[in-house]
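Chain by chain, the residues:
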Amino acid sequence: MSDTVVFIPAWNEEQNLPAVLDDLRRELPDVDVLVVDDGSTDGTAAVARAHGAEVLSFGENRGLKAGIAAGYQWALEHEYAFCGRVDADGQHPPAELRRLLAMVRNDECDVAVGSRFVSGPGYAPYRYMPEGPRRFGIAVLRRSMALVLRRPFGDATSGLYAVNAKALPLLARPFESGAPEVEALIRIVDAGLRLEEVPVNMAERAGGESKLRGKKAVVLVLTVTATLLAAKTARGRR
Ligand SMILES: Nc1nc2c(ncn2[C@@H]2O[C@H](COP(=O)(O)OP(=O)(O)OP(=O)(O)O)[C@@H](O)[C@H]2O)c(=O)[nH]1
Ligand SMILES: [Mg+2]
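In this text, all values refer to a predicted model and were calculated from it rather than measured experimentally.

So, how was this worked out
- Residues numbered from 1 in each chain as written.
- Chains lettered and ligands numbered in written order.
- Predicted model: local features only at pLDDT ≥ 70, side-chain atom pairs only at ≥ 80, totals over all residues.
- Heavy atoms only, no water.
- Pairing = 2+ DSSP bridges.
- Helix = DSSP H or I, 4+ residues; strand = E, 2+ residues; numbered from the N terminus.
- Axes fitted to C-alpha atoms, helices over the stretch in contact; angles between N-to-C directions.
- Salt bridge = Lys/Arg side-chain N within 4 Å of Asp/Glu carboxyl O.
- Buried < 20%, exposed > 50% of the residue type's maximum accessible area, 1.4 Å probe, protein only.
- Core = buried A, V, L, I, M, F, W, Y, C linked by side-chain atoms within 4.5 Å.

*Asks:* Give a description of the sheet that holds strand β5 (residues 111-115) that names residues and reports values.
*Replies:* In space, the seven strands of this open sheet follow the order β3-β2-β1-β4-β6-β5-β7, with mixed pairing throughout. Since the sheet does not close on itself, it has two edges, and those belong to β3 (54-58) and β7 (195-199), each with one partner. Taking each pair of neighbouring strands and ignoring which way they run, the sheet shows an average axis angle of 20°. Where strand β2 (residues 32-38) lies against β3, five bridges are found, and the strand directions are parallel.

See below:
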């Protein structure tokens, strides 16, 4: 058993998982890998096993927020010192996760989140310029995050994470909103953990269908804003 587990929330991702799992194995040969198969009706579980991953299968689709909490819960129960998360659709290059995990291992921070919207050496500013409604949504989100977190944060819906054991109990608790990543960031900052937003490159979804098109994207922005307002109100009451 390794001291690190990387989990992948997956819902009907048999097309994309093989490449993601093989790439993970190449970049991070020593980590354990868990696929959280959320009631998939395709070959997600079988493909994951065939490519060397552990599989945690839900009997029915419980939604991404349940899948995320279950991944961290697994890491907590199995007493891993470090935990990573990547998406199943090929958007998160395992080489970038390797950098994030190294930062957490070196104790540079407790939580490292991969971001398209911050820059650094080798990562040019404005390398991702979302268009139209997405651009507006991201701008609104950035302002709200700065207000609630009391620090800037550009890519609040990123699912590319590396964390140490201090963050596990916080992230294994069930998420209440439709914006679990935003909720996660609030929990991390409220607990006083050291959070780093790290520039990364991300790819386009490799295949299959995005769960986030058109109307759904608008609903997401509204959900996120509601989550932020709720968090602010709850803090005010304390
Ligand atoms: N456990 C679980 N995972 C899900 C569910 N819906 C999506 N996922 C996974 O969550 C990850 C992100 O889903 P995407 O559909 O790619 O969402 P996105 O990356 O925000 O949207 P795109 O930019 O269009 O790709 C992928 O690994 C999906 O397989 C779900 O209901 N349950
Ligand atoms: Mg995606």
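Still to come is the rest of the account.
*Asks:* Outline the pattern of salt bridges, listing residues and values.
*Replies:* Evaluated as defined, the whole model comprises eleven salt bridges. Ionic pairing is found between D107 and R194, a salt bridge with its closest N-O pair at 2.7 Å. Linking D107 in the loop between α4 (94-105) and β5 with R194 in the loop between α7 (180-190) and β7, this pair joins segments that are 87 residues apart in sequence. The salt bridge involving K166 is made with D110; its shortest N-O contact spans 3.3 Å. Of this pair, K166 sits in the loop between β6 (161-164) and α6 (168-172) while D110 sits in the loop between α4 and β5; the two residues are 56 residues apart in sequence, bridging distant segments of the chain. A residue is classified by how much of its surface remains accessible, and D110, at 2% relative accessible area, is buried. One network of salt bridges, in which partners are shared, links D107, D110, K166 and R194.

*Asks:* Can you break down the nonpolar core residue by residue, with the values?
*Replies:* In this structure, Y72, M145, Y161, V163, V182 and L185 are the most contacted members of the largest nonpolar core, which totals 40 residues. For this core, the element with the most residues is helix α3 (residues 64-77), which contributes six residues. V31, V33, V35 and L100 belong to the second-largest nonpolar core, a separate cluster that totals 31 residues.

Purely geometric numbers; function is a separate question.
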